[in-house]
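Letter by letter, the chains look like this.
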Amino acid sequence: MKSARRTSLLATVALVMATTAPAVAGGSSPSRHLDHPSPSSASAPRLLAGGLGSGSGSTVGPDGALYVAEPVAGTIVRIDPRTGATSPFASGLPKMLPSVGLGGVTDVAFRGHTAYALVTLVGPDVGGTSTAGLYRVNTRGGAHTVVADIGRWSITHPPATAFDVPSGLQFALQPWRGGFLVSDGHHNRILTVTTSGAVREILTLGNVVPAGMDIRHGRLYFAEAGAVPHDPADGKIMAVRLGSTEPREVASGASILTDVELAGSGRGGRHGGALYAISNGTYSGDPAGAPGLPDTGSLIKANGSGGFDVVAADLDRPTSLEIIHRTAYVVTVDGEVWAVPLRH
């Protein structure tokens, strides 16, 4: 069923499609109002920064700032989490291809003080001329260095599940040991990628569409968006001891999960391991591979009973989540970053 496979792919990555928003500094009035925040939230979300051309993956850098990938522009922006002030960090990375409408630089992570970017859907198999893979970021204005050609590796090592795009769709980047873990939401697997270019599959999954990841004490937590039609029961947080091939379900029941974060796992966190995630929103089905409906996304928290409690609602198609101290930072598809105070 080729069309069903393709819509599973699109539903994973349509969240990187961007719209243009006016420039907004931290503390300004939001472009939309969250009129119905969940009563479980400590306070209503606050617009920290806006005006980015698009929003995809994010990370907390060694300086404590937020770094957000902008796939449409092929850039990474630095955001002060206290003031919302934005500044360019890196440019000249492969952009989203207009003919594809998806992909480009999709995530960013650091090893020490060196930044790395994950780039996807830019190779010859989708009409591009760039390399889909792991890049070492050159912040001095020179060319960025390809350290692993994940697209080529994926073409020569096809997955067990059916696929349409031979190079896959590398979605999220997570530091691990001397390299990184990479989730592939189209090829349904988790890879290890070293800074010397070695790629290896360590976790083979069914058609579950793995997305964002986090690690605690050798255990990998990852979000599953679930295949079309994105029944909320298929939106899951899974956990697996690295080295094992048998993930277990931690929580389920939210539509199109795109990221997961353990409070206390980020810089400066002290929350004893509370598990948060983001839902991209209510599945629209029009077209079949569409992301969530606008303003139906949410920040949620695993409740210990196998489900989720809503922390903040009415977010616009969240793509990435970071936690610093007692605040969650949610990146949305249209290039906004929302700060949500957390209560524990």
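Coordinates for the structure precede this section.
Because the structure is a prediction, the values reported are computed rather than measured.

A. Summary view of the pairing of strand 6 (residues 104-111). For strand 6, a buried count of 7 out of 8 residues is recorded, marking the element as mostly surrounded by other parts of the structure. Strand direction decides the pairing type here: strand 6 and strand 7 (residues 114-120), joined by 7 bridges, are antiparallel. In the strand pairing of strand 7, aspartate 107 is matched with leucine 118. A loop of 2 residues connects strand 6 with strand 7, the two strands running antiparallel in sequence, and glycine 112 in this loop sits at a positive phi of about 65°.

B. Summary view of the sheet that holds strand 2 (residues 58-60). Spatial strand order, 2-3-4-5: 4 strands in an open sheet with antiparallel pairing. Each of the sheet's edge strands pairs with one partner strand only, and the pair in question is strand 2 and strand 5 (86-90). Pairs of neighbouring strands in the sheet enclose a mean axial angle of 30°, with direction left out of account. The pairing of strand 2 with strand 3 (residues 66-70) spans 3 bridges and is antiparallel. Across the sheet, valine 60 pairs through a bridge with leucine 66, a residue of strand 3.

C. Spotlight on the nonpolar core. Leu181, Leu220, Phe222, Ile237 and Phe308 are the most contacted members of the largest nonpolar core, which totals 35 residues. For this core, the elements supplying multiple residues, two or more each, are strand 10 (170-176), strand 14 (210-216), strand 15 (219-224), strand 16 (236-241), strand 18 (257-262), strand 19 (275-279) and strand 20 (297-302). Membership of the second largest hydrophobic core comes to 17 residues, among which are Ile76, Phe110, Ala115 and Tyr135.

D. Highlighting the packing of aromatic side chains. Under the criterion given, the structure shown has 4 aromatic pairs. Ring geometry for tyrosine 67 and phenylalanine 89: centres 4.8 Å apart, planes at 75°, overall edge-to-face. In this pair, tyrosine 67 sits in strand 3 while phenylalanine 89 sits in strand 5, placing the two residues 22 residues apart along the sequence. With a relative accessible area of 4%, tyrosine 67 lands in the buried category. Grouping aromatic residues by their ring pairs yields a cluster made of Tyr67, Phe89 and Phe110.

E. Local environment of the pattern of salt bridges. A complete count under the given rule lists 6 salt bridges for this structure. Among the salt bridges present, the one from glutamate 249 reaches lysine 236, with a minimum N-O distance of 3.5 Å. With glutamate 249 in strand 17 (residues 248-252) and lysine 236 in strand 16, the pair connects residues that are 13 residues apart, well separated along the chain. Relative accessible area serves as the criterion here: at 39%, glutamate 249 is assigned to the partly exposed category. One salt bridge in this structure joins arginine 317 and aspartate 316, with 2.8 Å as the shortest N-O distance. Judged by relative accessible area, aspartate 316 falls into the buried class, the value being 3%.

F. Structural detail: unusual backbone geometry. Following valine 228, the chain continues into proline 229 via a peptide bond in cis, with omega recorded as 20°. Examined against the element boundaries, proline 229 turns out to sit in the loop between strand 15 and strand 16. Backbone geometry at arginine 177 places phi at a positive 50°, although glycine is not the residue there. By the element assignment, arginine 177 lies in the loop between strand 10 and strand 11 (179-184). A positive phi is found at asparagine 188, a non-glycine position, where the angle reads about 55°. For asparagine 188, the position within the fold is in the loop between strand 11 and strand 12 (189-193).

G. The arrangement of the environment of methionine 96 in detail. In this structure, methionine 96 sits in the loop between strand 5 and strand 6. In this structure, the C-alpha to C-alpha distance between methionine 96 and leucine 121, residues 25 residues apart in sequence, is 7.7 Å.

H. The arrangement of the pairing of strand 11 in detail. In terms of residue burial, strand 11 counts as a mostly covered element, since 6 of its 6 residues are buried. Of the pairings in the sheet, the one linking strand 10 to strand 11 comprises 6 bridges and is antiparallel in character. Among the inter-strand pairings, proline 175 is bridged to a residue of strand 11, identified as phenylalanine 180. Bridging between strand 11 and strand 12 involves 5 bridges; their strand directions are antiparallel. When the bridges of strand 12 are listed, valine 182 appears paired with leucine 191.

How each quantity is defined
- Residues numbered from 1 in each chain as written.
- Predicted model: local features only at pLDDT ≥ 70, side-chain atom pairs only at ≥ 80, totals over all residues.
- Heavy atoms only, no water.
- Buried < 20%, exposed > 50% of the residue type's maximum accessible area, 1.4 Å probe, protein only.
- Helix = DSSP H or I, 4+ residues; strand = E, 2+ residues; numbered from the N terminus.
- Pairing = 2+ DSSP bridges.
- Axes fitted to C-alpha atoms, helices over the stretch in contact; angles between N-to-C directions.
- Core = buried A, V, L, I, M, F, W, Y, C linked by side-chain atoms within 4.5 Å.
- Phe/Tyr/Trp six-rings, centres within 6.5 Å; stacked < 30°, edge-to-face > 60°.
- Salt bridge = Lys/Arg side-chain N within 4 Å of Asp/Glu carboxyl O.

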